[in-house]
Amino acid sequence: MSINITSYKEVLTKLLPYHAKLVAVSKTKPVEDITAFYAAGQRIFGENYVQELADKQAVLPADIEWHFIGHLQSNKVKYIAPFVHTIHAVDSVKLLAEINKQAAKHGRSIHCLLQVHIAAEETKFGMDQQELQQLLDTYMANPADFSQVHIAGMMGMATNTTNETQIRQEFHQLHQLFGSVKSTYFNTSDYFKELSIGMSADYTLALEEGSTMVRIGSLLFGERNYNGTK
Ligand SMILES: *Cc1c(COP(=O)(O)O)cnc(C)c1O
């Protein structure tokens, strides 16, 4: 086990003045590691593979708040709909509609964050501003069609670079967009309040730029090894 409880405590201390939440990203890591953080008090965990999340949820304590943070295909929503609390990377109306449908089947509501593309890189998922606008227009035209989803805010990933100025600018831009979307569409919503930005390498910058939720993996669980099955 290579989990780092000292880093965990340090992260929590840094989050405190911002009242930000920690999503402990446990993807590829064994249930024993999750149990260790659970014992230390952590309750929010993030995963980005559907099967892996379903397998872990089945054997771990029921009061864990599970967040799905990766790219989600519509046809896989049904596997996590019975229990998932928040889906971070909603990037189409089609996906939002499917989440609504599956949540309704289980008589639940699922929190959704809208993923916006802020990085300079081409490979990252997420909507551009025009796609975001289209999704919001569709949602606003028929909110009753989406009664089982709570649009809880926005999510983004900065460019994978050591250039802090660039990372800060990207986070800043997303924070601005978050503010304008909130005031235009969600002024009276109790749910739209989360800005999910910041990972192990850039979470302190993200906090300074308005993050309310950081998604941290390797700093807590150690480096991931993708050479095996995962
Ligand atoms: C893996 C992952 C993280 C955590 O990354 P670290 O650099 O290990 O902190 C955060 N967000 C998403 C979407 C991820 O896939």
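As a reminder, the structure under discussion sits directly above these lines.
The following refers to the structure shown. Only a predicted model underlies this, so the values are computations on that prediction, with no experimental measurement involved.

1. Notes on the site of the ligand
The ligand sits among V25, K27, N48, I69, M155, M199, S200, R215, I216, G217, S218 and R224. In the model, an oxygen atom of the ligand is placed 3.2 Å from a nitrogen or oxygen of the N48 side chain. At 2.8 Å, a backbone N or O of G217 approaches an oxygen atom of the ligand. Tallied by class, the residues present in the shell around the ligand amount to five nonpolar, four polar and three charged.

2. Some thoughts on the packing of aromatic side chains
Here the structure, examined in full by the defined rule, presents eight aromatic pairs. When the centroid spacing of 5.3 Å and the interplanar angle of 65° are considered together, the rings of Y8 and F37 count as edge-to-face. With Y8 in helix α1 (residues 5-15) and F37 in helix α2 (residues 31-39), this residue pair connects regions lying 29 residues apart in the sequence. When the centroid spacing of 6.4 Å and the interplanar angle of 50° are considered together, the rings of Y185 and F186 count as tilted. Put simply, the rings of Y139, F146, F178, Y185, F186 and F192 touch in pairs and so form one group of aromatic residues. The ring of Y38 carries R43 above its face, with NZ or CZ at 3.5 Å from the centroid.

3. A word on the pattern of salt bridges
A complete count under the given rule lists six salt bridges for this structure. Here K21 ties to E194 by a salt bridge, and the two come within 2.8 Å at their closest N and O atoms. Taken together, the residues K21 in strand β1 (residues 21-25) and E194 in strand β7 (residues 194-196) connect sequence positions 173 residues apart. Since its relative accessible area comes to 9%, E194 is described here as buried.

4. Observations concerning the layout of surface pockets
Roughly 150 Å³ of internal volume is contained in the second largest pocket. Lining the second largest pocket are N48, Y49, V50, Q51, F68, H71, L72, Q73, K76 and Y79. Taken together, the residues of the lining of the second largest pocket sort by class into five nonpolar, four polar and one charged.

5. Focus: the packing of helix α6 (residues 129-141) against helix α7 (residues 164-185)
Here α6 crosses α7 at 20°, and the two axes come no closer than 12 Å. By the angle between their directions, the pair α6 and α7 is classed as roughly parallel. α7 is crossed by α6, and the crossing has right-handed handedness. In this structure, α6 uses Q129, L132, Q133, L136, D137 and M140 to contact α7, whose residues at the interface are L177, V181 and Y185. Across the contact of α6 with α7, the residue classes break down as six nonpolar, two polar and one charged.

6. Regarding α6
With 13 residues, α6 ought to run about 18 Å at 1.5 Å a step, and its terminal C-alpha atoms sit 18 Å apart, in line with that. When α6 is considered as a whole, its buried residues turn out to be L132, L135, L136 and Y139. Seen along its axis, α6 keeps its buried residues to an arc of 95°; they face one direction. Exposed residues lying more than 90 degrees from the buried face of α6 are Q130 and A141. Among the structural elements, α5 (93-105), β5 (110-115), β6 (149-155) and α7 are those in contact with the buried residues of α6. At the N-terminal end of α6, a side-chain oxygen is found 3.1 Å from the backbone nitrogen of Q130, two or three residues along, and the residue is D128.

7. Re the environment of E98
Within the fold, E98 resides in helix α5. By relative accessible area, E98 is classed as buried at 17%. Spatially, the C-alpha atoms of E98 and S2 are 37 Å apart, while their sequence positions differ by 96 residues. Other than its neighbours up to four places away in sequence, E98 contacts S74 and V77.

8. Side note on α7
For α7, spanning 22 residues, the distance from its first C-alpha to its last is 31 Å, which sits close to the expected 32 Å at 1.5 Å a residue. Of all the residues in α7, the buried ones are I167, E170, F171, L174, L177, F178 and V181. Axial view of α7: buried residues confined to an arc of 120°, hence all on one face. When the buried face of α7 is taken as reference, the exposed residues oriented beyond 90 degrees from it are E164, T165, Q169, Q176 and T184. Packing partners of the buried residues in α7 comprise α6, β6, β7 and α8 (203-208). One side-chain oxygen of the residue at the start of α7 lies 3.0 Å from the amide nitrogen of T165, identifying that residue as N163.

Parameters at a glance
Residues numbered from 1 in each chain as written. Predicted model: local features only at pLDDT ≥ 70, side-chain atom pairs only at ≥ 80, totals over all residues. Heavy atoms only, no water. Near = heavy atom within 4 Å. Polar contact = N/O pair within 3.5 Å; in protein donor to acceptor, adjacent residues only side chain to side chain. Nonpolar A, V, L, I, M, F, W, Y, C, P; charged D, E, K, R; others polar. Phe/Tyr/Trp six-rings, centres within 6.5 Å; stacked < 30°, edge-to-face > 60°. Helix = DSSP H or I, 4+ residues; strand = E, 2+ residues; numbered from the N terminus. Lys NZ or Arg CZ within 6 Å of the ring centre and 35° of its normal. Salt bridge = Lys/Arg side-chain N within 4 Å of Asp/Glu carboxyl O. Buried < 20%, exposed > 50% of the residue type's maximum accessible area, 1.4 Å probe, protein only. 1 Å grid on protein atoms, 1.4 Å probe; cavity = no way out; pocket = protein on both sides within 12 Å on 5 of 7 lines; lining within 4 Å. Points joined across faces, edges and corners; volume = space filled by probe spheres on them. Axes fitted to C-alpha atoms, helices over the stretch in contact; angles between N-to-C directions. Parallel < 35°, antiparallel > 145°, perpendicular 65-115°, else oblique. Left-handed = near helix turned anticlockwise from the far one by under 90°. Contact = heavy atoms within 4.5 Å. Expected span 1.5 Å × (residues − 1). Arc of directions from axis to C-beta.

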